[in-house]
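Here is what each chain is made of, one letter per residue.
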Amino acid sequence: SPALHWSHGAAAELARLLVLGGANVQWLPVTYFGQELPPIPPAVHVRLTQHDKPPPLPLVTWGRTDSALEILLTRSLRERPAHAVVHLGVGARGSVNVLWIADCMGSAPIGVLRAAEVVCHRGDLIHATGVACTKFDDAERCRLCCRASRWGRPHRTELLNRSDLLAAGLLAAETVFVETQDDAGLLAASGVPQRSIVADWALQTIAARVL
């Protein structure tokens, strides 16, 4: 979609709250060509990663990688170590390694996400037939759902790898903020420890955790 992902607006507002709280904030947004960021709060340093277009749905491996962002994040943390790294929109295409990198480099890793975007490669828990889906742990079913054609299907291993790598990244998180208790239940069912999940999406709550 040409529209920005929900995480961009949330990140801009969270950055504003953090600056008001006295933090030095660096924002590393990822956009596609033609997208424009929301207004950037004063005193926020932006380092943008831009790609030409989103990866096609069947290319699952491409959809979970973003080496440009990972290199930028690593260099940023080497130049100026951060107290915390907040990844908004975990699972919504792009790097699965942000929280893991933050943990390895000494920053508190904090995830903010919609559970459907983690457990479902489509991001909405709606099957290709248009019906609601609750069986997100069947890689064979998921690969057929994510096919572009009879021949253009992802391999089931790609979907298993995606799930495993997202789970590994979230295991590194000190806190994972989700919108609802239903989201918390989905994440717990996918293997994320219940103790790290907070069903409170208020940006003021997230800012207080960071500060």
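Residues numbered from 1 in each chain as written. Predicted model: local features only at pLDDT ≥ 70, side-chain atom pairs only at ≥ 80, totals over all residues. Heavy atoms only, no water.

A. Region of the structure containing helix H7 (residues 156-171). The end-to-end C-alpha separation of H7 is 23 Å, in line with the 22 Å expected for 16 residues at 1.5 Å each. Taken residue by residue, H7 has Glu158, Leu159, Arg162, Leu166, Gly169 and Leu170 as its buried positions. Down the axis of H7, the smallest arc covering the buried residues is 100°, so these residues share one side. Of the exposed residues in H7, the ones pointing more than 90 degrees away from its buried face are Asp164 and Leu171. (Helix = DSSP H or I, 4+ residues; strand = E, 2+ residues; numbered from the N terminus. Expected span 1.5 Å × (residues − 1). Buried < 20%, exposed > 50% of the residue type's maximum accessible area, 1.4 Å probe, protein only. Arc of directions from axis to C-beta.)

B. A look at the packing of aromatic side chains. Counted by the stated rule, this structure contains one aromatic pair. With a centroid separation of 4.8 Å and 50° between ring planes, the pair formed by Trp6 and Trp201 is classed as tilted. Of the two residues, Trp6 sits in helix H1 (residues 6-20) while Trp201 sits in the loop between strand S8 (197-198) and helix H9 (203-210), which places them 195 residues apart along the sequence. (Phe/Tyr/Trp six-rings, centres within 6.5 Å; stacked < 30°, edge-to-face > 60°.)

C. Structural detail: the pattern of salt bridges. For the structure shown, the criterion picks out five salt bridges. Of the charged contacts in the structure, one is a salt bridge between Glu179 and Arg114, with a shortest N-O distance of 3.8 Å. Here Glu179, found in the loop between strand S7 (175-177) and helix H8 (181-189), pairs with Arg114, found in the loop between strand S6 (108-112) and helix H5 (115-119); they are 65 residues apart in sequence, far enough to count as distant. Taking relative accessible area as the criterion, Arg114 reaches 32% and is therefore assigned partly exposed. (Salt bridge = Lys/Arg side-chain N within 4 Å of Asp/Glu carboxyl O.)

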